[in-house]
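# Observations on chain architecture
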Amino acid sequence: MYQFNVYRIGPEIKLGSVDISFTNASLFMVISSLAILIIFNLGAKKKTLIPDKLQLLSELSYSFVAKMISDTAGSKAKPYFSFIFSLFMFVLFCNMFGMIPYAFTVTSHIIVTFVLAAFIFIGVTIIGFIKHGLGYLKLFVPSGVPMVLLPLIVVIEIISYLSRPISLSVRLFANMMAGHTMMKVFGGFVISLGVIGGWLPLSFSVALTGLEILVAFLQAYVFAILTCIYLNDALNLHH
Amino acid sequence: MLKKIVILLLIACFACLNTVFAAEGGGMPQLNPEFWISQIFWLIITFGVLFIVLTKVILPKIGNNLETRKSQILENIETADKQKEESQKKIEEYKKIILESKLKAKKYFNDSREKIIDDINKKRAVLEKDLDEEIGEVEKELSELKNKSGEKINKIAAETSAELIKELIGEEVNSSSIAAIVEDQSKINKERKDV
């Protein structure tokens, strides 16, 4: 589990009594953000009718996220496009940078994913109350439910609503951590079984790398699309 | 063989896991709160910067690019449609013109044919008339000649007979009497011929 260790890079920085030192996690956050900014800035720079590779990449990502939002949350969610785009790209790039050997996976830390999920949860709740006032509480009272079941259903709905940030954050964190741990374990097999028996776990390891890249993309997508769904609940209250 | 491999793998697995977790000593590093605040702080900073720059600078540019491309493509399609329509109109016009000119050519052809036929007929009529006239004249002449020939023969006969008589008798005979005799004779001849 050495790959998940966080350690300080450079001097210890203290804000009051709180330690906010620059760590390897911070480094990879900065690298991911910079990579996103550089790639998309280069892609946005040119204005040719027929796009080149980077332009195509950025424009395809743009329309991909735009389509995802309009499909799940409708046209009302347009003002939140840039947030969801940043979120998707940030999670995706952090996951992908984590796939590089010896790199640190930012999203394999529960605290990072939990802060993101909590921010989304609080933001969505605030948006819901601003848009619908106290009517947002109707979200917990589904229509067409018999009166007898209603108390139970309301309790379940409230619990499921409150567990959203936890499920959202744990899903991403657990996926990333499990994948990397599995690869680490198979990598360990290759070493311990040596030249004779190491080929099988090695081939597994190779296959797992492909799977992990898929998971890295998929989890970023799931994270973004669940955000869209939560946003949809807040914007279009139809339960 | 396969069983052996599986068993070996399992043993190795446990060994590995043991060493892996033995090396940790402190459980999952994710649950160690030592750097939580630092991670949150840097997450807010990096994600905040990323969000602000993307929102303010990059995404509007990409959106603009896409919009302009869309509008340009739409414009191009529109103009292409327009040009297509125009060309179709022109093709129809050309077809019309071609049809018209074909009809015209046919008309001209027919007209000229009729004209030529008329001309030919006229000329033929003129020629025939001329020929008829000439033939008529010739026939007239011939009939005249025929009519005159009897008299002439009579005259010649009278003259020759007068000369013959002169030679034979040595005396001039009254020409009118000879003529009368010749006339009588020719009449007799004629009657004989007719009979």
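This one's a predicted model, so the numbers in the text were calculated from it and none came from an experiment. (Residues numbered from 1 in each chain as written. Chains lettered and ligands numbered in written order. Predicted model: local features only at pLDDT ≥ 70, side-chain atom pairs only at ≥ 80, totals over all residues.)

## Some details on the overall build of chain B
Within chain B, the secondary structure is distributed over three helices and zero strands. Reading the secondary structure of chain B in the N-to-C direction produces α-α-α. Residues counted as buried form 9% of the 195 residues belonging to chain B. (Helix = DSSP H or I, 4+ residues; strand = E, 2+ residues; numbered from the N terminus. Buried ≥ 20, exposed ≤ 12 C-beta atoms within 10 Å, placed from the backbone.)

## Some details on the interface of chain B and chain A
Contacts between the two partners involve 39 residues from chain B and, on the opposite side, 44 residues from chain A. Looking at which element gives the most residues to the side of chain B that touches chain A, the answer is helix 2 (residues 36–169) of chain B, with 26 residues. The residue inventory of the side of chain B that touches chain A, partitioned by class, reads 27 nonpolar, nine polar and three charged. (Contact = placed C-beta atoms within 7 Å. Nonpolar A, V, L, I, M, F, W, Y, C, P; charged D, E, K, R; others polar.)

## Things to note about the nonpolar core
Of all hydrophobic cores here, the largest spans 58 residues; its most connected members are A25, I84, F88, F90, V91 and L231 of chain A. Of all elements in the fold, only helix 1 (24–45), helix 2 (53–73), helix 3 (81–98), helix 4 (110–132), helix 6 (164–197) and helix 7 (199–235) of chain A together with helix 2 of chain B reach the threshold of two or more residues within this core. Broken down by element, the residue count for this core peaks at 10 residues, all from helix 3 of chain A. Discounting chain neighbours no more than four positions away, the residues touching F88 of chain A are V65, A220 and A224 of chain A. (Core = buried A, V, L, I, M, F, W, Y, C linked by C-beta atoms within 7 Å.)

## Considering helix 5 (residues 150–162) of chain A
At 3.6 residues per turn, the α-helix brings residues three or four places apart onto the same side. End to end, helix 5 of chain A covers 18 Å across 13 residues, agreeing with the expected 18 Å (1.5 Å per residue, within 8%). Of all 13 residues in helix 5 of chain A, zero are buried, a share of ten percent or less. (Expected span 1.5 Å × (residues − 1).)

## Section: unusual backbone geometry
A negative phi holds for most residues other than glycine; trans holds for most peptide bonds. The phi torsion at Y102 of chain A lies on the positive side, around 70°, for a residue other than glycine. Considering the arrangement of structural elements, one finds Y102 of chain A in the loop between helix 3 and helix 4.

## Topic: the packing of helix 6 of chain A against helix 7 of chain A
All names here are of chain A. Between helix 6 and helix 7, the shortest axis-to-axis distance is 9 Å and the interhelical angle comes to 175°. Regarding the angle of helix 6 to helix 7, the classification is roughly antiparallel. Each residue belonging to the contact of helix 6 with helix 7 can be placed in one class, and the counts come to 19 nonpolar, seven polar and three charged. (Axes fitted to C-alpha atoms, helices over the stretch in contact; angles between N-to-C directions. Parallel < 35°, antiparallel > 145°, perpendicular 65-115°, else oblique.)

## Observations concerning the confidence of the model for chain B
Residue and element names in this part refer to chain B. In this model, chain B carries a mean pLDDT of 83, and residues with pLDDT of at least 70 account for 85%. Across chain B, helix 2 holds the top mean pLDDT of 91, while helix 1 (residues 2–24) sits lowest at 52. Every residue in residues 20–24 scores below 50 in pLDDT, and together they form four contacts with partners more than four places removed in sequence or on other chains. Scored as a whole, the predicted complex attains pTM 0.71, and scored at its interfaces, ipTM 0.90. (pLDDT = per-residue confidence, 0-100.)

## Examining the environment of F173 of chain A
All names here are of chain A. Locating F173 in the fold gives a position in helix 6. For F173, a count of 22 C-beta atoms within 10 Å gives the class buried. Measuring from C-alpha to C-alpha, the distance between F173 and T113 comes to 6.4 Å, with 60 residues separating the pair along the chain. Apart from the residues lying within four places of it in its own chain, the contact partners of F173 are T107, S108, H109, I110 and T113.

## Section: helix 2 of chain A
All names here are of chain A. Taking 1.5 Å of rise per residue, 21 residues should cover 30 Å, and helix 2 covers 30 Å from first to last C-alpha, within 8% of that figure. Within the sequence span of helix 2, burial applies to Q55, S58, Y62, V65, I69 and A73. Within helix 2, the buried residues cover an arc of 115° as seen down the axis, which keeps them to one side. Residues of helix 2 that are exposed and point more than 90 degrees away from the buried face comprise K53, L56, L60, K67 and D71. (Arc of directions from axis to C-beta.)

## A closer look at the environment of N41 of chain A
Structurally, the position occupied by N41 of chain A is in helix 1. When the C-alpha atoms of N41 of chain A and L226 of chain A are compared, they prove to be 27 Å apart, with 185 residues separating the residues in sequence.

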